[in-house]
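# Residue-level structural notes
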Amino acid sequence: MTAEGTGRLEAFSDGVFAIAMTLLVLDIKVPRGDHNLVGALLAQWPTYVGYVGSFVIIGIWWAGHHAMLDLIARADHTLRLINTLHLMCIAFLPFATALLSEYM
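Let us look at the structure shown here. Because the structure is predicted, anything quoted here is derived from the model rather than measured.

A surface patch of nonpolar side chains, about 450 Å² in accessible area, is lined by Val52, Val56, Ile57, Ile60 and Trp61. With respect to the helices, strands and loops of the structure, isoleucine 60 is situated in helix α3 (residues 45-70).

Structural data, given as structure tokens:
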């Protein structure tokens, strides 16, 4: 297999980062049937902390990923596999965040 530029790798990676960041917000639920809206929203504070923390972490990883790919001219099969493993860790973060928020 031949090496190619990093454009497709960057585009695919950006998509995974964007989906992971979007999935984080799905753990924040709208309170139902509670007449004390402020109290119900404040009771979800672990979810908000998890969302903000994980969003910032993914953003930092995304910026670092772009900085790294700026230094790489060609992407070969090995780099694509390593990048896939890296993205697997990114995609796991919404689950880990939800788990931590639930048991915080």
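Next up on the list: the environment of valine 38. Take valine 38: it is sitting in helix α2 (residues 37-42). For valine 38, a relative accessible area of 57% translates into the label exposed. Note: C-alpha distance between valine 38 and phenylalanine 92 (54 residues apart in sequence) is 31 Å.

Glancing now at the environment of leucine 93. Here leucine 93 is to be found in helix α4 (residues 77-102). Judged by its relative accessible area of 15%, leucine 93 falls in the buried class. For the pair leucine 93 and alanine 20, spaced 73 residues apart in sequence, the C-alpha separation works out to 7.2 Å. Filtering out sequence-adjacent residues up to four positions away, leucine 93 remains in contact with Leu24, Ser54, Ile57, Ile58 and Trp61.

Reading guide: rules and limits
Residues numbered from 1 in each chain as written. Predicted model: local features only at pLDDT ≥ 70, side-chain atom pairs only at ≥ 80, totals over all residues. Heavy atoms only, no water. Patch = residues over 30% accessible without salt bridge, like charges linked within 9 Å, V, L, I, M, F, W, Y side chains within 5 Å. Areas by Shrake-Rupley, 256 points an atom, 1.4 Å probe, with all protein chains shown as cover. Salt bridge = Lys/Arg side-chain N within 4 Å of Asp/Glu carboxyl O. Helix = DSSP H or I, 4+ residues; strand = E, 2+ residues; numbered from the N terminus. Buried < 20%, exposed > 50% of the residue type's maximum accessible area, 1.4 Å probe, protein only. Contact = heavy atoms within 4.5 Å.

By themselves, these figures tell us nothing about what the structure is for.
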